[in-house]
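Read off the chains here:
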Amino acid sequence: MIYAKVIADSISGVHGNRLTTLEVNMHRFVLSELNTHRAMSRNSASSRAIPVRKMIDMVRTNPAIPIEFGSAKKGMQAGPPIEGKDADTARGIWVDASECACSHAEELLGLGVHKQVVNRILEPFLWHRAIISATEWNNFFQQRRSPLAQPEIRALADAIHDAISASVPTTASFLEWHMPYITEEDREELSLDNARKVSAARCARVSYLNHEGKRDTKADIALFDKLSTANPPHWSPLEHVACPYSPATERNFDGWTQLRWFYEKKVVHFLDPLR
């Protein structure tokens, strides 16, 4: 199913810029359209990280089916959706194709082919989870809420718009941080340094689809250390953690500086006063 829920929502008490992080679920086949929007920082489920058997079970249990089957016509936009028995037949063909993909994936798995190859067969029939952070949403909404957009990404854009509209941001001062997936309990128990690390690690875990409500801060800190010391480092999850440190547009955020910036610039020691 398509959904969007706000994970963290902050407004800078210094510059007034709003930073919102959402967890979303979408049709995997519109991910490339989402990825064209460079104002967003994203992490999402990886076909290279999730076991083939888990992916096959996901497709067989709940295949991602198009919202509608638009009729063929010239151009990028489909004609009116087909209806009645034709629509039922089209849906059945899609489900049959998903089962065929599962069967072929099992054959490749039996040959010992790695999941980074096998899982690609399954992608058109998968639901896809992602973490998205941004300070600027207008272009995305203009493009993807338009009647000209593909119905599946239009439904996602509507869900994101509604979730943001219903959310009330928390004010963050110069000394405070936007930290997705950090609970009040975490804030009480963890140092600020560890809270930032845990937040980034939990954003990274979407790659493995293991946001299952399990709380293990030691494992999260270990994952952060693994990501940040890898060669090359895996910096992208650090983009979701940010503070109103700079009034300028820093990377793709307005008025917010990402944790990634501090680590990439090797100025992590600057973080110590930011408490």
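For the structure itself, look to the data block above.
Here we summarise the structure given alongside this text. (Residues numbered from 1 in each chain as written. Predicted model: local features only at pLDDT ≥ 70, side-chain atom pairs only at ≥ 80, totals over all residues. Heavy atoms only, no water.)

The subject of this paragraph is the overall build of the protein chain. A count of helices and strands for the protein chain gives ten helices and nine strands. Its C-alpha radius of gyration of 20 Å places the protein chain within 12% of the 19 Å reference for a compact globule of 275 residues. The principal-axis extent of the C-alpha atoms belonging to the protein chain is close to 65 × 45 × 30 Å. When the 275 residues of the protein chain are sorted by exposure, 48% land in the buried category. For the protein chain, the distance from the average position of its 33 positive side-chain charges to the average position of its 33 negative side-chain charges is 4 Å. (Helix = DSSP H or I, 4+ residues; strand = E, 2+ residues; numbered from the N terminus. Rg over C-alpha atoms; globule rule 2.2 N^0.38 Å. Buried < 20%, exposed > 50% of the residue type's maximum accessible area, 1.4 Å probe, protein only. Lys, Arg positive; Asp, Glu negative; His and termini not counted. Charge placed at Lys NZ, Arg CZ, Asp CG, Glu CD.)

In this section: the sheet that holds strand β2 (residues 18–27). With mixed pairing, five strands are arranged side by side in an open sheet as β3-β4-β2-β1-β5. Of all the strands in the sheet, just β3 (41–44) and β5 (170–172) have a single pairing partner and so form its edges. Adjacent strand axes in the sheet meet at a mean angle of 20° when their direction is disregarded. Two strands pair when backbone bridges link them, and β2 and strand β4 (residues 127–134) are joined in this way by eight bridges, in the antiparallel orientation. Within β4, the residue paired with Leu-22 across the bridge is Ile-132. Docked against the sheet, helix α6 (residues 151–166) engages β1 (3–12), β2 and β4, running at close to 145° with respect to β2. (Pairing = 2+ DSSP bridges. Axes fitted to C-alpha atoms, helices over the stretch in contact; angles between N-to-C directions. Contact = heavy atoms within 4.5 Å.)

For the pair helix α2 (residues 52–61) and helix α3 (residues 84–110), interaxial distance at closest approach is 10 Å and the crossing angle is 165°. On the basis of the axis angle, α2 is roughly antiparallel to α3. Pair α2 / α3 crosses with left-handed handedness. Judged by residue contacts, Val-52, Arg-53, Ile-56, Val-59 and Arg-60 of α2 engage Ser-98, Glu-99, Cys-102, Ser-103, Ala-105, Glu-106 and Leu-109 from α3. Residue composition of the contact of α2 with α3, grouped by class: six nonpolar, two polar and four charged. (Parallel < 35°, antiparallel > 145°, perpendicular 65-115°, else oblique. Left-handed = near helix turned anticlockwise from the far one by under 90°. Nonpolar A, V, L, I, M, F, W, Y, C, P; charged D, E, K, R; others polar.)

Another aspect to go through is the side chain of Ser-167. Along the chain, Ser-167 turns up in the loop between α6 and β5. Ser-167 sits in the buried class, given a relative accessible area of 18%.

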